[in-house]
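# Structural overview for review
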Amino acid sequence: MNASTDSATPDSTTPAPTSEQDRRLPALDCDVLVVGSGAGGLSAAVTAAYHGLKVIVVEKAEVCGGATSWSGGWAWTPGNPLAKAAGVNEDKDTFRTYLRHTLGEEYQADKVDAFLEAVPHMVGFFQDKTSLQFVPGTRINDIYGKVPGAGTGNRSVGPKPINARRIRPELRAKMRHQLYETSFLGMGIMAGPDLTKFLSASQGNPKGIVHAGWRLGRHLLDLLVHRRNMQLVNGTALTGRLLKSADDLGVDIRVSTPAQRLLTDANGRVTGAVVGSPDGELQINAARGVVLAAGGFPHDIQRRKELFPHTPTGREHWTLAPRETSGDGISLAQTVGARFKTDVKSAAAWCPVSLVPYRNGRTGTFPHIMDRAKPGSIGVLANGKRFVNEANGYYDYVAALMEATPEGGTAESWQIADSRFVRKFPLGMAKPLPVPLFPYLRSGYLKKGRTIEELAAKCGIDPAGLKATVEEFNRNARDGVDPDFGRGETAFNRYGGDARNRPNPSLGPIGKGPFYAVRVVPGSFGTFAGLEADGRSRVLDNHGRPIDGLYVAGNDQANVMGGHYPAGGINLGPALTFGYIAGRDLAGAGAYEDDGNLPQARPEEGAALRTPLTA
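Structural notes, computed from the coordinates.

Cut-off values and rules
Residues numbered from 1 in each chain as written. Predicted model: local features only at pLDDT ≥ 70, side-chain atom pairs only at ≥ 80, totals over all residues. Heavy atoms only, no water. Axes fitted to C-alpha atoms, helices over the stretch in contact; angles between N-to-C directions. Helix = DSSP H or I, 4+ residues; strand = E, 2+ residues; numbered from the N terminus. Parallel < 35°, antiparallel > 145°, perpendicular 65-115°, else oblique. Left-handed = near helix turned anticlockwise from the far one by under 90°. Contact = heavy atoms within 4.5 Å. Salt bridge = Lys/Arg side-chain N within 4 Å of Asp/Glu carboxyl O. Core = buried A, V, L, I, M, F, W, Y, C linked by side-chain atoms within 4.5 Å. Buried < 20%, exposed > 50% of the residue type's maximum accessible area, 1.4 Å probe, protein only. Arc of directions from axis to C-beta. Phe/Tyr/Trp six-rings, centres within 6.5 Å; stacked < 30°, edge-to-face > 60°. Pairing = 2+ DSSP bridges.

For the pair helix α7 (residues 193–201) and helix α8 (residues 206–226), the least separation of the axes is 7 Å and the interaxial angle reads 110°. The orientation of α7 relative to α8 falls into the category roughly perpendicular. Our pair here, α7 against α8, has a crossing hand that is left-handed. Taking contact as the criterion, the partners of Asp 194, Lys 197, Phe 198, Ser 200 and Ala 201 in α7 are, on α8, Gly 208, Ile 209, His 211, Ala 212 and Arg 215.

Taken as a whole and judged by the stated rule, the model has 38 salt bridges. Through salt bridges with shared partners, a single ionic network connects Arg 339, Lys 341, Asp 343 and Glu 532.

Membership of the largest hydrophobic core comes to 114 residues, with the highest contact counts inside it found for Leu 33, Val 55, Val 290, Leu 292, Leu 550 and Tyr 565. The greatest single-element share of this core, amounting to ten residues, is contributed by helix α5 (residues 109–129). Once residues within four sequence positions are removed from consideration, Leu 550 is found in contact with Leu 262, Val 270, Val 290, Leu 292, Ala 333, Val 336, Ser 537, Arg 538 and Val 539. Counting 17 residues, the second-largest nonpolar core is a separate cluster that includes Leu 455, Ala 456, Leu 466 and Leu 507.

Three or more residues of helix α15 (residues 452–459) are buried, namely Ile 452, Leu 455, Ala 456 and Cys 459. Down the axis of α15, the smallest arc covering the buried residues is 100°, so these residues share one side. Where α15 is buried, its residues contact β19 (413–418), β20 (446–449), α16 (463–478) and β21 (515–527). Once α15 ends, the next one or two residues include Gly 460, with phi positive near 80°.

Under the counting rule described, the total for this entry stands at 17 aromatic pairs. Pairing Phe 125 with Tyr 580 gives two aromatic rings, centres 5.6 Å apart and planes at 35°, and the pair type is tilted. Here Tyr 580 lies in helix α18 (residues 572–587) and Phe 125 lies in helix α5, a separation of 455 residues in the sequence. Take Tyr 580: its relative accessible area is 0%, and that puts it in the buried class. A centroid spacing of 6.5 Å and a plane angle of 40° characterise the contact between Tyr 395 and Phe 528, whose relative ring orientation is tilted. Note that Tyr 395 is positioned in helix α12 (residues 394–404) and Phe 528 in the loop between β21 and β22 (530–531), a separation of 133 residues in sequence. According to the relative accessible area criterion, Tyr 395 is buried, its value standing at 9%.

Here we come to the pairing of strand β12 (residues 270–275). On any regular strand, side chains alternate: one points to one face of the sheet, the next to the other face. Within β12, six of the six residues are buried, which leaves it mostly tucked inside the rest of the structure. Pairing between strand β11 (residues 259–264) and β12: five bridges, direction antiparallel. The partner of Arg 261 across the bridge, within β12, is Val 274. Linking β11 to β12, which pair antiparallel, is a turn of five residues; within it Gly 268 sits at a positive phi near 85°. Summarising the sheet, β12 and strand β13 (residues 282–292) pair through four bridges and their orientation is antiparallel. Among the inter-strand pairings, Val 274 is bridged to a residue of β13, identified as Gln 283. Hairpin geometry of β12 and β13 is characterised by an intervening segment of six residues between the two adjacent antiparallel strands and by a positive phi of about 110° at Gly 280.

Right, let's talk about unusual backbone geometry for a bit. With an omega of 5°, the peptide bond running from Arg 502 to Pro 503 counts as cis. Secondary-structure assignment places Pro 503 in the loop between α17 (491–496) and β21. That bond from Gly 513 to Pro 514 is cis: its omega, 0°, falls within 30 degrees of zero. If you trace the backbone, Pro 514 turns up in the loop between α17 and β21. A positive phi angle, close to 60°, is found at Arg 227, a residue other than glycine. Here Arg 227 is to be found in the loop between α8 and β9 (231–232). For Arg 227, a relative accessible area of 72% puts it in the exposed group.

Function cannot be read off these values alone, since they describe shape.
Shown next, in the form of structure tokens:
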């Protein structure tokens, strides 16, 4: 969807200065106030605090981390120093070439250049100066492998796992837990060797069984002793390490403290905010400025209704972001004349999801990230026909689903697989061996049919259409080709498949009954539309002028990719980078903190888990 209008907020003159009522509130003073505690907010907080500023972070939720904690934790960081240390020395023009081809009309040269300039130094700073340590994404490919400039690895970094014992108990209590749907009994599994070993355990591999058994045993012990998962990986490791870094630098981190209104002086400069707290309203004065990083608007029903396709009431969408991400940062900025940029390719970072019913009445949201690329599964519409290269990015799957759904129709698809697939790989929330399938069948999450036609009838799919699709797909899959959608032709597709499957790691026939299906609907990781900002992370008004004292990072900021999804990690990479830029600008920092060489992990920052979980 191309949204071509800006916010309806009226053209603002100088905002009203702080009222007498606000001046009578209890007050705190700081240099920088950060609203939100995801990757963008914590990146800004740590950077500013490192440069000697007094920083307060306020978080609306009862816990910190936002959508970052529920993410995979990988950040797109082209040109990062870990890649250079591995001998991969790509220049910025290569990255620009890729982005120009993938972003098209939404390519913003100034913002892209600001990102590409700062991103290697951001990685170097955190790796060398803080508790945030990274592992390289050596085999993580850019999504559009046929586009000039596409990368085949080393453009991403992920957080090194960390054991939560290394985080103060008081701070640990403020951390958001792993998203249950992407865990195994609440235990996170990291992409790479960790996940590979778990999957190999389902196929009887002795090393995989030992690895999975040790990890699970350790997790159960942690639940008994600490009543939470202590082996932090993925997004929980990223926020855990950022929170520890902030804590080490003396950042004041406050939860259950929503920002309610911005404070300004007579010249319209943002000077702080009034926040709620368990003890009542509080005025926080920020001498240098305020950073908005409240997570965008994925739970704002009205904005979803206006900006998301096939969402007529605003409720026909299921996001993976926490419920507190309801557009507060954007609304606050609009009160002082900020521009809400909606002229982007897509207002949200789409992800296909399935809805998981639980016996207590709760409905979970599961992201279909890895199962779609595995051999032996396809996605179909109600007519039984495929509509997309299932092994492409999650954004592409939903974008194609939206396009294939007629106006007024329900956007939904079905992921189809056979009995061999569901015992080797996950099918949505349903786990492979040795986890039984009956709980998912009993709840109705997983549909089962002895034949393709019986499965189709149970799902409301045209039986003849599905049978014809499966037969044609199987003929081609045996030869390792997909003439309709080219599945398996790019490195991104093949990496997501099964390397042992020949001749195409991403293609395999669907032939052994019984057959299974999961309903898939549009979801998102967060939003792309957001506050317009310049290359220094300063919020711009409706005339393109910086609003003095107001900065933005994370999903509150209009994404630098213009609503496109060219690579995994293009939410977190820009969030960390523009948060870092904001922190440096607020501190008036000059030279970069790193020396351009590979920062070395400190001795105490070794792998937090006995079994390395790097990718």
